[in-house]
Amino acid sequence: MTDMSATGRKHLFVDDRWISSTHGVYRQVPVAEKDPDNPLVVADQPWEGGLNCFGTVLEDPAGCLGASAGNRYRLWYQIYARGRYDDPRFGSAIGYAESADGRAWTKPAIGMTTPRGEASNIVATCRGRGQLLSPAVLLDPQAPPEARYRLLNWDAMSEADLAAHGDPFPLPARKQGWQPMAGEGLFTATSPDGLSWRPCQPQPIVGGEVDASAMSRQEDGRYAAYFKIGVREERHFRVVGRTRSGDFLTWEPAEVILRPDWRDAEGTEFYGMSGFDYFGTRLGLLWVYRNSPDDKRVEVELAAEGPDGIWQRAADRRTILPVGGAGSWSQAARQPQGKAGAGHTGRSLAGCARPRPVQGLSRRTGTRHDVVPLPTSSAGPARTTSFRL
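Reading the values: the criteria
- Residues numbered from 1 in each chain as written.
- Predicted model: local features only at pLDDT ≥ 70, side-chain atom pairs only at ≥ 80, totals over all residues.
- Heavy atoms only, no water.
- Helix = DSSP H or I, 4+ residues; strand = E, 2+ residues; numbered from the N terminus.
- Buried < 20%, exposed > 50% of the residue type's maximum accessible area, 1.4 Å probe, protein only.
- Contact = heavy atoms within 4.5 Å.
- Areas by Shrake-Rupley, 256 points an atom, 1.4 Å probe, with all protein chains shown as cover.
- Core = buried A, V, L, I, M, F, W, Y, C linked by side-chain atoms within 4.5 Å.
- Pairing = 2+ DSSP bridges.
- Axes fitted to C-alpha atoms, helices over the stretch in contact; angles between N-to-C directions.
- Phe/Tyr/Trp six-rings, centres within 6.5 Å; stacked < 30°, edge-to-face > 60°.
- Salt bridge = Lys/Arg side-chain N within 4 Å of Asp/Glu carboxyl O.

Colleague: Would you mind going over the overall build of the chain with me for this structure?
Modeller: A tally of regular secondary structure across the chain gives one helix and 25 strands. With 389 residues in all, the chain has 53% of them scored as buried. Long-range pairs, those at least 24 residues apart, make up 58% of the contacts in the chain with a sequence separation of at least 6. Summing over all exposed atoms, the chain offers an accessible surface of approximately 17,000 Å²; the carbon and sulfur share of this is 51%.

Right, here's the structure in full:
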C-alpha cells in the first residue's frame, strides 16, 4: 500500500520499511495512558442491561456531525439486554451518547421508545432472530447527505426477509464456540445524521462465522470492513478477515489477512482489528486474545500493511493498550472504539470488561507524532531508506 517515494506524508517507524540499517538503537513503543476516572460510560439506564466491548467514537471539532451544541464527540455503543423485553429486537441494540471533552458523556433520549414506553437513546435494534453485535460507524463526507453515515454490524436476517430472499451464504457446520444460524452475518446501513438508519440490503454482505467488526474508508476511496473470522473446522478459532467495496453495496469475498504464528503463545487468537489509513500507511489496532485455560485477556497491539499488501504485526509486537491489574475495571479485555490519532493528541474509548455482569467504556490517550522516533539504547546510528520529505 505504501508509496516508498511519496512526498507530503508522514513516515512512521512502526516497522522496518523505512530502515536501511541500525546499530545500537531500539524502537520505543509508547503505551496509551488510561484516564484515572475510568470507566466513563457504564450501563445506568433500564434498557441497557450491559454494555459490550464494541462501538465507535467520532470526533467533531468543527461541530458539523450533528451532535448537540457544544458536544464534539459522538459515541455509538452496543447494548446487550436479552430477556428484558418481550420484543426480542430490543435484546441487543445500538446506544448513542455525546460528550464535549471525551470524558463526561450524556445519553440524550432522542432515540427509539422501548416496549415499556421509555424514551431512550437506542438508535437501532436487531432484526429479531439473532443479535445486533459490534456496531461500527463511519462518517463519509463524500457521500450524499442522506447517506453520509455508514454502519456495519453483525445480525441475522428477519424471518420475513429470510423467507423472501433466502440466505446468500451456505450454512456452516456447528462447532465448538459457534452455533450457526441461517441468514447471519455482517449487514450495512446508512443515515443522514447517525440517528435514523436505513438498511442497504436485506441480506448480509459476509456470512457465517464472522463478527467483531470495524470499518474505515481507505485513501483509494474503497470501504474496508475488518472482522474476526473462524478458520478451523473443529472449533471457533479467531483470526482477522477483511472485505472491501467501492460503492458500499457490492463487496469482495472475505479474505484472511492476519493470523497468529509460531512466535505466539499457545491459545493466541485475534478477536478483531480496527484498520485505518494514516498519511499513506495502513495501520491496525489488533485485538490479541490470550485464549488459554488460565489466561483470557484481550490486549491491543499495532499491525501494519506492508508495501506488498501483506499485513504484519508492528512495533515489535509490544502491547500498546494493556489490561488492568486483578480486580480493576479493565482486567479482562480492552478493545479500541475508533482509530487513533484524532487531533494532536490521540483520544478514543476502549471497551473494558471484568468478570462481572456490568461492563463499560473507558478512555485512553496517546501523543501523535509525524515520525515515531527510535531513541538510542547506546551510541549508534539509524540509517533510513531514501525518501523525500
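After that view, the rundown keeps rolling.
Colleague: It is not clear to me how the nonpolar core should be interpreted in this structure. Could you clarify?
Modeller: Buried together is how nonpolar side chains tend to be arranged in soluble globular proteins. Judged by nonpolar contacts, the single largest core of 20 residues is most densely connected at Val14, Leu283, Leu285, Trp287, Val300, Leu302 and Ile320. For this core, the elements supplying multiple residues, two or more each, are β18 (268-278), β19 (281-290) and β20 (298-305). Beyond its immediate sequence surroundings of up to four residues, Leu302 is in contact with Val14, Gly284, Leu285, Arg313, Ala314, Ala315 and Ile320. Grouped together as the second largest cluster of nonpolar side chains are 19 residues, Ala136, Leu138, Trp154 and Tyr223 included.

Colleague: Can you help me understand the sheet that holds strand β14 (residues 210-217) in this one?
Modeller: Pairing in this open sheet of four strands is antiparallel, and the strands run β14-β15-β16-β17 from one edge to the other. What marks the edges here is a single partner per strand, and that holds for β14 and β17 (255-258). Strand after strand, the sheet turns through a mean of 35 degrees between neighbouring axes, direction not considered. Relative to strand β15 (residues 223-230), β14 runs antiparallel, the two sharing six bridges.

Colleague: Quick question: what am I supposed to make of the side chain of Ser213 here?
Modeller: As for its placement among the helices and strands, Ser213 is situated in strand β14. Among residues more than four places away in sequence, those in contact with Ser213 are Ser134, Ala136, Leu152, Asn153, Leu186, Tyr226 and Phe227.

Colleague: How should the environment of Val206 be read in this particular structure?
Modeller: If you trace the backbone, Val206 turns up in strand β13 (residues 206-207). Residue class for Val206 comes out buried when judged on its relative accessible area of 5%. Along the chain, Val206 and Thr243 lie 37 residues apart, while their C-alpha atoms are 8.1 Å from each other. With residues up to four places along the chain from it excluded, the contact list for Val206 reads Phe169, Glu184, Gly185, Leu186, Phe227, Thr243 and Ala254.

Colleague: What's the story with unusual backbone geometry in this structure? I'm lost.
Modeller: Among all residues save glycine, negative phi is the norm, and among peptide bonds the norm is trans. A cis geometry characterises the amide bond from Asn38 onward to Pro39, with omega recorded as 0 degrees. By the element assignment, Pro39 lies in the loop between β2 (33-34) and β3 (41-42). Even without glycine at this site, Ser134 takes up a positive phi of about 45 degrees. Mapping Ser134 onto the fold places it in strand β9 (residues 133-139). Since its relative accessible area comes to 1%, Ser134 is described here as buried.

Colleague: Please clarify how the packing of aromatic side chains should be interpreted in this entry.
Modeller: For any pair of aromatic rings, the description rests on two quantities: the centre-to-centre distance and the angle between the ring planes. Inspection of the entire model under this criterion finds ten aromatic pairs. For the ring pair Phe54 and Trp287, a centre distance of 5.9 Å and an interplane angle of 45 degrees mean the geometry is tilted. One end of the pair, Phe54, is in strand β4 (residues 50-59); the other, Trp287, is in strand β19, and 233 residues separate them in sequence. Relative to Trp178, the ring of Trp154 lies with its centre 6.3 Å away and its plane at 90 degrees, an arrangement referred to as edge-to-face. With a gap of 24 residues between them, Trp154 in strand β10 (residues 149-156) and Trp178 in the loop between α1 (159-165) and β11 (184-191) connect regions that are remote in the sequence. We note that Trp154, like Trp178, is buried.

Colleague: I'm lost on the pattern of salt bridges in this one. Help?
Modeller: Side-chain pairs of opposite charge can arise where the charged atoms are in close proximity. Evaluation of the coordinates by the stated rule reveals 31 salt bridges. Its salt-bridge partner being Arg263, residue Asp261 comes within 4.0 Å of it at the nearest N-O pair. Among the ionic pairs, Glu305 bridges to Arg282, the shortest N-O distance being 2.7 Å. One end of the pair, Glu305, is in strand β20; the other, Arg282, is in strand β19, with 23 residues separating them in the sequence. When its relative accessible area of 4% is taken as the criterion, Arg282 is described as buried. Three or more residues joined by partner-sharing salt bridges are found here, namely Asp261, Arg263, Asp264, Arg290, Asp295, Arg297, Glu299, Glu301, Arg313 and Arg317.

Colleague: When you look at the environment of Phe237 in this model, what are you seeing that I'm missing?
Modeller: Mapped onto the fold, Phe237 is located in the loop between β15 and β16 (238-245). For the pair Phe237 and Glu269, spaced 32 residues apart in sequence, the C-alpha separation works out to 6.8 Å.

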